[in-house]
Number of protein chains: 2
Amino acid sequence: MSHHAIRQVLQGVPHFQSLRRELFDRVVGMSRLRVYRKGEFVFRQDDPCRGFFVVRRGGARLYRVAPDGRERVLRIVSPNSAFAEAALFQSGHYPVFCTAVDEGTELVEIAGAPFLELFRSEAALAEAMVAGMCRRLHGAIGHMEELIALGAGARLAHYILGLPGREDESGTFVELPSSKKDIASYLSVTPETLSRLLRRWSDLGWISVRGSRLDIHDAPALGAISDGAEGPAVKSFRAGA
Amino acid sequence: MSHHAIRQVLQGVPHFQSLRRELFDRVVGMSRLRVYRKGEFVFRQDDPCRGFFVVRRGGARLYRVAPDGRERVLRIVSPNSAFAEAALFQSGHYPVFCTAVDEGTELVEIAGAPFLELFRSEAALAEAMVAGMCRRLHGAIGHMEELIALGAGARLAHYILGLPGREDESGTFVELPSSKKDIASYLSVTPETLSRLLRRWSDLGWISVRGSRLDIHDAPALGAISDGAEGPAVKSFRAGA
DNA sequence: CGATATGTTGAAGTTAATCAAATCTTGTGG
DNA sequence: CCACAAGATTTGATTAACTTCAACATATCG
């Protein structure tokens, strides 16, 4: 029975934290769990929006394709995070493409129409959703600032430090949530540059790279880089007004 | 009597479009109009959030200040647009600084507390707000994509073409909504680079620059630039999956 | 086990930042 | 109304970061 799994996943999502039992159950009732193969499309740009999603296992890769075929990864969604909620309230079409990162990726899909209905009748849900979106908005702005103001090295360092770290007998490490190609696209650098940066830090003894696993040996050093040390960064201008 | 002015301004804002008369009147009732001097602070980062704003005349300049004093313009708000709504639902503190762009800038301030109360009790308002925020979110993501994927020239061209164009006996023109220094900061280029780009296009006969007024003589050429022609742009990668 | 995609490394070219300094604006006090 | 000071804008020369191009190495999948 997947209801239990669905319940478990949705409980972990901020959107539904403050929801009273009865409403939460209704949301669970309008949801279903689906398993995807690696690279399988979850939806395509301009598809009509059937609902939004929460990741249970694996990952979702949101990206856009330019007219000339180049693609840009906008977000890599990890377990327990929601995505595509905004599409519900917009044009009713998904504004991006979405594929599964790993074989066996599991997503909970919350049906759009019934959810919208519930949304309209329940202020608590509305407020929780709005709060969640504000968070996302600020996240996007933060990412934006990062990407623009800082050099490639700072972006990568910041990104790595932002990944959920795990512990091990060999120390702290993080797992890249997708291929290095995608990470590079997300950070808006070429795969070559990404590779070279990892290499440099590896040579400096700050990290070790084994496939998609990065062992962090000197987080403070990365922190310094991520705060603008070293990189080019637009030195911008001093206050005024 | 400023109520008429307030009513007039708020009617033009998407957030309140779908509101029935009675609710709209209540929103008007919790708003006040205020005039600012050039460069005057509207609020500072971390100030407690008293409410949010709509521009009636002039402009609002939202920016952040880095620890070392450098500032970055995140948004320049023009008449009939709202800002700082997100702060209401977040921590209750403004996440940025805001100053008035022009002498005599007029802003409508909608008081936060009563508005939130109304928001909680009125699903229609909630939905309109959410829709507005989704728009903003997509706007931010769009801006982000621009800033990152495209070169300085493409960003500027795109920005210019996005400004509201006016007509004149001498043709089409746009008015920069703030100083070139601020525009440069917003586009994340140095003032020097901005100046050089305008110069180049001016030499090519595509535009004429007279202070903050730009006459557009060859919009298609700018359009080509803004679509990635010329610029460096991360040539990224071809499809897959 | 071979084919295709991903990741790595090296050399060269370009964009845009930085540094330095001149010129133009704007607001102020005389 | 004019001279001056402060800031904004422009221009030139230099420099560094990152992309691009090319080629090799390593995975991954059928």
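These remarks concern the structure in this document. Keep in mind it's a predicted model, so treat the numbers as computed, not measured. (Residues numbered from 1 in each chain as written. Chains lettered and ligands numbered in written order. Predicted model: local features only at pLDDT ≥ 70, side-chain atom pairs only at ≥ 80, totals over all residues. Heavy atoms only, no water.)

Regarding the side chain of Ser-31 of chain A
All names here are of chain A. Operational definition: A run of DSSP states H or I qualifies as a helix once it reaches four residues; a run of E qualifies as a strand once it reaches two. Both are numbered from the N-terminal end. Counted as a polar contact is a pair of N or O atoms within 3.5 Å, where, for protein atoms, one must be capable of donating a hydrogen and the other of accepting one, and residues adjacent in sequence contribute only when both atoms are in side chains. We call two residues in contact whenever any of their non-hydrogen atoms come within 4.5 Å of each other.
By the element assignment, Ser-31 lies in strand β1 (residues 31–36). Within polar-contact distance, the side chain of Ser-31 engages the backbone oxygen of Val-27 at 2.8 Å. When near neighbours in sequence (up to four residues on either side) are disregarded, Ser-31 contacts Ile-6, Leu-10, Val-108, Glu-109 and Ile-110.

As for helix α1 (residues 3–11) of chain B
Residue and element names in this part refer to chain B. Definition in use: Accessibility here uses a 1.4 Å probe with only protein chains present; expressed as a share of the type maximum, an area under 20% marks a residue as buried, one over 50% as exposed, and anything in between as partly exposed. Comment: arc refers to directions from the helix axis out to C-beta atoms.
Within α1, the full set of buried residues consists of Ala-5, Ile-6, Val-9 and Leu-10. An end-on view of α1 places all buried positions within 125° of arc, on one side of the element. Buried-residue contacts for α1 involve α2 (14–17), α3 (21–29), β1 (31–36), β3 (51–57) and β8 (105–111).

Digging into the nonpolar core
Note on soluble globular proteins: their nonpolar side chains tend to be buried together. Put simply, the rule reads: To form a nonpolar core, buried Ala, Val, Leu, Ile, Met, Phe, Trp, Tyr and Cys residues must be joined to one another through side-chain atoms within 4.5 Å.
Of all hydrophobic cores here, the largest spans 104 residues; its most connected members are Phe-16 and Phe-83 of chain A together with Phe-16 and Phe-83 of chain B. Excluding residues within four positions of it along the chain, Phe-83 of chain A makes contact with Phe-43, Phe-52, Phe-53, Val-55, Ala-60, Leu-62, Arg-75, Val-77, Cys-98, Leu-107 and Arg-136 of chain A.

Things to note about the pairing of strand β3 (residues 51–57) of chain A
Two faces belong to every sheet, and in a regular strand the side chains alternate between them. All names here are of chain A. Counted only if it meets this: Strands pair, by our definition, only if DSSP identifies at least two bridges between them.
Burial within β3 is extensive, with five of its seven residues counted as buried. Pairing analysis gives six bridges linking β3 to strand β8 (residues 105–111), with the strands arranged antiparallel. Residue Val-54 lies in a different strand from β8, and its bridge partner there is Val-108. Summarising the sheet, β3 and strand β6 (residues 82–83) pair through two bridges and their orientation is antiparallel. The residue of β6 that forms the bridge with Phe-53 is Phe-83.

Here's the deal with the sheet that holds strand β9 (residues 172–175) of chain B
Across a sheet, strands are paired by hydrogen bonds formed along the backbone, either parallel or antiparallel in direction. All names here are of chain B. The criterion, for reference: To define axes, lines are fitted to C-alpha atoms, for helices over the stretch in contact only, and angles between the resulting N-to-C directions are given on a 0 to 180 degree scale.
Taken in spatial order, the three strands line up as β9-β11-β10 in an open sheet, and their pairing is antiparallel. The sheet is open, and its two edges are formed by β9 and β10 (207–210), each paired on a single side. Looking at each pair of strands side by side, their axes are set apart by 20° on average, direction ignored. Bridge analysis of β10 against strand β11 (residues 213–216) gives four bridges, and the strand direction is antiparallel. Paired with Ile-207 across the bridge in β11 is Ile-216. On the sheet, helix α9 (residues 191–203) packs against β10 and β11 and is oriented at approximately 125° with respect to β10.

Some details on helix α1 (residues 2–11) of chain A
Residue and element names in this part refer to chain A. Residues Ala-5, Ile-6, Val-9 and Leu-10 constitute the buried set of α1. Seen end-on, α1 carries its buried residues on one side only, within an arc spanning 125°. Residues of α1 that are buried sit in contact with α2 (21–29), β1, β3 and β8.

Considerations on the sheet that holds β6 of chain A
Residues and elements named next belong to chain A. Taken in spatial order, the four strands of this open sheet run β1-β8-β3-β6, and their pairing is antiparallel. Looking at strand neighbours, the two that pair on one side only are β1 and β6, the edges of this open sheet. Looking at chain direction, β1 and β8 are connected through six bridges and run antiparallel. What sits directly across from Val-35, in β8, is Glu-106. Sheet contacts for helix α4 (residues 112–121): β3 and β8; angle to β8, the most-contacted strand, approximately 55°.

Remarks on the packing of aromatic side chains
Residue and element names in this part refer to chain B. Our working rule: Stacked, tilted and edge-to-face pairs are distinguished by plane angle, under 30 degrees for stacked and over 60 for edge-to-face with tilted covering the rest, among Phe, Tyr and Trp rings (Trp via its six-membered ring) whose centres lie within 6.5 Å.
One pass over the full model with this rule turns up 21 aromatic pairs over all chains. Ring geometry for Phe-52 and Phe-115: centres 5.0 Å apart, planes at 70°, overall edge-to-face. Of this pair, Phe-52 sits in strand β3 while Phe-115 is found in helix α5 (residues 112–121), placing the two residues 63 residues apart along the sequence. Each member of the pair Phe-52 and Phe-115 is classed as buried. Relative to Tyr-186, the ring of Tyr-159 lies with its centre 5.6 Å away and its plane at 55°, an arrangement referred to as tilted. Note that Tyr-159 is positioned in helix α7 (residues 152–162) and Tyr-186 in helix α8 (residues 180–187), a separation of 27 residues in sequence. In this structure, Tyr-159 and Tyr-186 share a single accessibility class: buried.

A short note on the pattern of salt bridges
Residues and elements named next belong to chain B. Worth spelling out the cut-off: Here, a salt bridge means any side-chain nitrogen of Lys or Arg that lies within 4 Å of a carboxyl oxygen of Asp or Glu.
Across all of its chains, the model carries 30 salt bridges over all chains by this definition. Here Arg-61 ties to Glu-71 by a salt bridge, and the two come within 2.3 Å at their closest N and O atoms. Residue Arg-61 is found in strand β4 (residues 60–65), and its partner Glu-71 is found in strand β5 (residues 70–77); the two are separated by ten residues along the sequence. Its relative accessible area of 5% is what places Arg-61 among the buried residues. By relative accessible area, Glu-71 is classed as buried at 4%. Between Arg-61 and Asp-182 there is a salt bridge, with the nearest N and O atoms lying 2.7 Å from each other.

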